[in-house]
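# Residue-level structural notes
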Amino acid sequence: MTAQVTRTGAEAVGAVDTRDIEAYMTRLGQAARAAATAMRRTPTAAKNAALLAMAERLQAARAEVLAANERDLASGRESGLDAALLDRLALNEARLDAMVEGLSQVATLPDPVGEIDGLRARPSGIQVGQMRVPLGVIGIIYESRPNVTLEAASLCLKSGNAAILRGGSEARESNAAIAACIRAGLADAGLPEAAVQVVATTDRAAVGRLIAMPEYVDVIIPRGGKSLIERIAREARVPVIKHLDGVCHVYVDATADLDKALAIAVNAKTHRYGTCNTMETLLIDAPVAEALLPRLAAAYGEHGVELRGCERTRAILPGCAVATEEDWDAEYLAPVLAIRVVDGMDAAIAHIERHGSHHTDAIVTESYGLARRFLAEVDSSSVMVNASTRFADGFEYGLGAEIGISTDKLHARGPVGLEGLTTRKYVVLGDGQVRQ
């Protein structure tokens, strides 16, 4: 007998027979498309009311959410999840506080929907401009972190979209509890509950169907490990906003202030190891390598960072491990750093072009001309002058929040905030004009 998908205040996360997956996902898609139509005409005040209602519901359900999370953690420990994954999975009072506060913060952000830019008069008398509008239905696929359920829901809601969220199996109890708060908050504000739907099965076939429904889904955003994102990019029949790797570089030019370079290079690597905007390769112009490398080695040594260097690096730092060709392409996400001594700007840019992932790259220089060249010639989603790569973040950029970072060139690039979850359409204002 085929298992039934049950609903409570939220889509319950449970077993769904694989023979039902296509029909089930189709129902989600149809409901999301209808909700997206309603969301296009939803005023800012109603969206903000829903966000605040979701915050109230989450606050009231703290005990239930934490209990659900503890069940996920217990299952994770039994199945052998490592400490890092358990930490990403875990919720506590402080993290719940941050989730509640995050909803309130998104409610205060300017609503981009409906903005008209570039309105200009044409000789015919019409006025032509561009209006910012929602993308429509956004599918978000993610792993481990149950707080993403709330973050994704809030950003999609504020930007006027409907969302279909598919979390990882390791967080299914937590996601179900959070989804109940989201749906209740939507109902409190009089918005369609299908504006945010959490996929009720952990069957991988649901992901395959979600990424192949262009009639219902307008864009997919994967958040997780490289293997997940590669699969989505390879199999999706829906446009994808993504980045695969964060192989980020800092290049220290011969004109650099060495104190400034030291501070930036240490922060870019050691502020956090497991983020996509952490520096993985340091490039140093040959004229300053002998003066700077010993200072850097001492600073990295205090943080326990393993250094892997080219021959010229190892001539200055004999204790440095040998960097292989694979090291230049590595996203370590760990206290490991590759170092190469290069001969000037051209060699640095050539290295970044060959080995970088087009995520974030920085130059440390006191030369205005070289800074401008680096900005113009390095083809990455964020390019920085005299600043740590760790600033490549939606909050730091003043976006308020982000759904992820894109290294694609279409449609969004860099940190994706509310504007990145919208598109533009042309609008024409006339007063009876006809084309002659």
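Okay, so let's go over this structure. Because the structure is a prediction, the values reported are computed rather than measured.

Reading the values: rules and limits
- Residues numbered from 1 in each chain as written.
- Predicted model: local features only at pLDDT ≥ 70, side-chain atom pairs only at ≥ 80, totals over all residues.
- Heavy atoms only, no water.
- 1 Å grid on protein atoms, 1.4 Å probe; cavity = no way out; pocket = protein on both sides within 12 Å on 5 of 7 lines; lining within 4 Å.
- Points joined across faces, edges and corners; volume = space filled by probe spheres on them.
- Nonpolar A, V, L, I, M, F, W, Y, C, P; charged D, E, K, R; others polar.
- Buried < 20%, exposed > 50% of the residue type's maximum accessible area, 1.4 Å probe, protein only.
- Helix = DSSP H or I, 4+ residues; strand = E, 2+ residues; numbered from the N terminus.
- Pairing = 2+ DSSP bridges.
- Right-handed = clockwise from strand over helix to strand, strands pointing away.
- Axes fitted to C-alpha atoms, helices over the stretch in contact; angles between N-to-C directions.
- Contact = heavy atoms within 4.5 Å.

Right, let's talk about the layout of surface pockets for a bit. Of the pockets and cavities examined, the second largest pocket occupies roughly 280 Å³. Taken together, 15 residues line the second largest pocket, and the ones lying closest to its centre are L399, G417, L418, E419 and G420. Among the residues making up the lining of the second largest pocket, the classes are represented as 8 nonpolar, 4 polar and 3 charged.

Turning to the pairing of strand β3 (residues 137–142), a few remarks are in order. The buried fraction of β3 is high, at 6 of 6 residues. Residues of β3 alternate between two faces, with V137, G139 and I141 on one and I138, I140 and Y142 on the opposite face, all of them buried. Where β3 lies against strand β4 (residues 162–166), 5 bridges are found, and the strand directions are parallel. Paired with I141 across the strands is R166, a residue of β4. Once the chain exits β3 it traverses helix α6 (residues 147–158) before rejoining the sheet at β4, and the crossover so formed is right-handed.

Our next topic: the sheet that holds strand β5 (residues 196–198). Across the sheet, 4 strands lie side by side as β5-β4-β3-β6; this open sheet has parallel pairing. Of all the strands in the sheet, just β5 and β6 (219–223) have a single pairing partner and so form its edges. Each adjacent strand pair in this sheet contributes to an overall mean axis angle of 15 degrees, direction not counted. When β3 meets β6, the two strands line up parallel, connected through 5 bridges. Bridge pairing in β6 links I141 to P222. Relative to β4, helix α1 (residues 21–40) is tilted by about 150 degrees, and along the sheet it contacts β3, β4 and β5.

Relative to the elements of secondary structure, G246 occurs in the loop between α9 (226–235) and β7 (248–252). For the pair G246 and E331, spaced 85 residues apart in the sequence, the C-alpha separation amounts to 6.2 Å.

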